[in-house]
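The residues making up each chain are set out below.
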Amino acid sequence: MTIKEDSRLVVTGFGDRKRRSHELSDQRLWRSAPAEVARLLRPGLSEVADQVIKEITVRIPEYSRPSDEIYIRAIRLAVDEALRQFVDRIENPSTPWEPDVFRTIGRGEANEGRNLDPLQTAMRLGARVAWRRLTEQSERLGLTPQHLYDLGEAIFVYLDQLADAAAEGFDEARARAAGEIERRRRRLMDLLLSQPAASPDAIADLAKTAGWRLPKTVAGVALDEHSRGYRAPSLPPDVLSGLDRPGPCLIVPDPNGPGQAQTLEAGLRGWKAAVGPAVPLAAAATSLRWAREALDLHRRGVLTEERGVLRCSDHMATLIVFKDEELVSALTEVRLAPLAHLRPSQQDRLAETLLAWLRHGRGAGEVAARLHVHPQTVRYRLRQLEELYGDQLSDPDIRFELEIVLRARQSVSSGTA
């Protein structure tokens, strides 16, 4: 068997063998070949680099930029550096490993918006060309089959080191970019929630740099701090997150869009949350304020929600009623004064009947169906109310105020039950 035939077995065998994990500090492989081999290889490195670059630019579309001289020079620098350091280690196995160039390459791949697959393919092509050139010149270099085995393994160990360095640079660049995007999004949320509202141009400019498409409407979402121990919400990337704010919150774009409600419900599973009404972008702070007020009423038991997150749009009347509780309390004292002398149980029955009558019509049968009592019971109670209120029940303004205070009373009663 010739050396070239032997070398082909080495290459094909690498895929089936489990490669040992080597660090560059393991110098045995580079010590296998005589140091003189490095001196004989150096004059031909430029030619090998040309072959590697040609192979890469022809076979990998991402690197085919014949008119981009700066890019070609960058590829040349990387290939030259890879070959130089490999040969230096053959000559002196204790030569320090210099990964900076390859970290820079990895950062460049991230900045170009690619993953590492094209780079890894390029590295494998380069290793194949270098290995082929080494075997072609093995007799001139005085390499034995054992030398070739060891150098072949050294190529793959070295390839792993190049890939690791590139991956470090790639991850570093991605992390930096993600951190910068996150910083811009936090700043964008500050602008959207600022009072007075920031200028539309400032919001549009920052949204563009943050990669956030300006929506027609948004909704503020208030989150309960007691939910922090649960898993982080799993939400689409276009949702602005402020989990680290004093009052944790979100801004959801186009909340009434197709599937948005279901996505939000699923993403916030396990969290206590209230979703504000959909509003124009400039009113994001208002939507969040309503959401926080709804969440506060939920904590007090005034608002309840069995389906998941609390939606302000389902409880607007209650939110309006509780907007100024002192005013509602004063109105309650005036409008429910006719019931004040009754026992609490009597007050509750008459208040419940009066609210049902105001909301659902003046027929005793319909009110009885709502309250699940006998119509005769309703008629009796209505006669009591007519005696207590007299002509007031004929006044539309008084009926409106009565419904407000009775709704507030009902909400408080259900919350404390």
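Residues numbered from 1 in each chain as written. Predicted model: local features only at pLDDT ≥ 70, side-chain atom pairs only at ≥ 80, totals over all residues. Heavy atoms only, no water.

Caption draft 1: Fine view of the environment of Ala261. With respect to the helices, strands and loops of the structure, Ala261 is situated in helix α11 (residues 260–267). With a relative accessible area of 30%, Ala261 lands in the partly exposed category. In this structure, the C-alpha to C-alpha distance between Ala261 and Arg311, residues 50 residues apart in sequence, is 9.9 Å. If we skip the residues at most four places from it in the chain, Ala261 touches Pro255 and Arg311. (Helix = DSSP H or I, 4+ residues; strand = E, 2+ residues; numbered from the N terminus. Buried < 20%, exposed > 50% of the residue type's maximum accessible area, 1.4 Å probe, protein only. Contact = heavy atoms within 4.5 Å.)

Caption draft 2: Just the packing of aromatic side chains, in detail. Under the criterion given, the structure shown has three aromatic pairs. The structure contains a cluster of three or more aromatic residues connected by ring pairs, namely Phe86, Trp97, Phe102 and Tyr158. (Phe/Tyr/Trp six-rings, centres within 6.5 Å; stacked < 30°, edge-to-face > 60°.)

Caption draft 3: Structural detail: the nonpolar core. Among the nonpolar cores identified, the biggest contains 47 residues, and Trp30, Tyr63, Ile90, Leu134 and Leu143 are the most heavily contacted of them. When residues of this core are traced back to their parent elements, those giving at least two are α2 (28–32), α3 (36–41), α4 (45–59), α5 (69–91), α6 (100–111), α7 (117–136) and α9 (145–193). Ranked by size, the runner-up nonpolar core spans 34 residues in total, among them Ile203, Cys249, Leu297 and Val302. (Core = buried A, V, L, I, M, F, W, Y, C linked by side-chain atoms within 4.5 Å.)

Caption draft 4: Region of the structure containing the side chain of Arg185. Mapping Arg185 onto the fold places it in helix α9. Look at Arg185: it is buried, it has no salt bridge, and the nearest opposite charge is Glu182 at 6.0 Å. A polar contact is formed between the side chain of Arg185 and the backbone oxygen of Pro237, at a distance of 2.4 Å. Here Arg185 is in contact with Ala210, Gly211, Trp212, Pro237, Asp238, Val239 and Leu240, once residues within four sequence places are set aside. (Lys, Arg positive; Asp, Glu negative; His and termini not counted. Salt bridge = Lys/Arg side-chain N within 4 Å of Asp/Glu carboxyl O. Polar contact = N/O pair within 3.5 Å; in protein donor to acceptor, adjacent residues only side chain to side chain.)

Caption draft 5: Fine view of helix α12 (residues 284–299). With 16 residues, α12 extends 23 Å between its outermost C-alpha atoms, agreeing within 8% with the 22 Å of an ideal straight helix rising 1.5 Å per residue. Among all positions of α12, only Ala284, Ala285, Ser287, Leu288, Trp290, Ala291, Ala294, Leu295 and Leu297 are buried. Positive backbone phi, approximately 90°, marks Gly301, located one or two places after α12. (Expected span 1.5 Å × (residues − 1).)

Caption draft 6: Summary view of the confidence of the model for the protein. With 89% of its residues at a pLDDT of 70 or more, the protein has an overall mean of 83. Taken together, the stretch residues 1–25 has pLDDT below 50 and engages in 36 contacts with residues farther than four places along the chain or on a different chain. (pLDDT = per-residue confidence, 0-100.)

Caption draft 7: Focus on unusual backbone geometry. A cis amide bond links Gln195 with the next residue in sequence, Pro196, at an omega value of 0°. Within the fold, Pro196 resides in the loop between α9 and α10 (200–209). In this structure, Asp254 takes a positive phi of about 45° despite not being glycine. Tracing the sequence through the fold places Asp254 in the loop between β3 (249–253) and α11.

Caption draft 8: Quick peek at the side chain of Glu81. Along the chain, the position of Glu81 falls in helix α5. Glu81 sits in the buried class, given a relative accessible area of 12%.

Caption draft 9: Molecular detail of the pattern of salt bridges. One pass over the full model with this rule turns up 28 salt bridges. Close ionic contact of Arg176 with Glu172 constitutes a salt bridge, the shortest N to O distance being 2.8 Å. Residue Arg176 and its partner Glu172 are located together in helix α9, separated by four residues, close to a single helical turn. Where salt bridges share partners, they join Arg42, Glu81, Arg84, Asp88, Glu91 and Glu98 into one cluster.

Caption draft 10: Fine view of the pairing of strand β1 (residues 217–223). Most of β1 sits inside the fold, with six of its seven residues counted as buried. Both β1 and strand β5 (residues 279–280) contribute to a ladder of two bridges, which runs antiparallel. Of the residues in β5, the one forming a bridge with Thr217 is Pro280. Alignment of β1 against β3, held across five bridges, turns out to be antiparallel. Pairing of Val221 across the sheet is with Leu250, part of β3. Judged from the three bridges that link them, β1 and strand β4 (residues 273–275) form a sheet pairing that is antiparallel. When the sheet's bridge partners are listed, Ala222 is paired in β4 with Ala274. (Pairing = 2+ DSSP bridges.)

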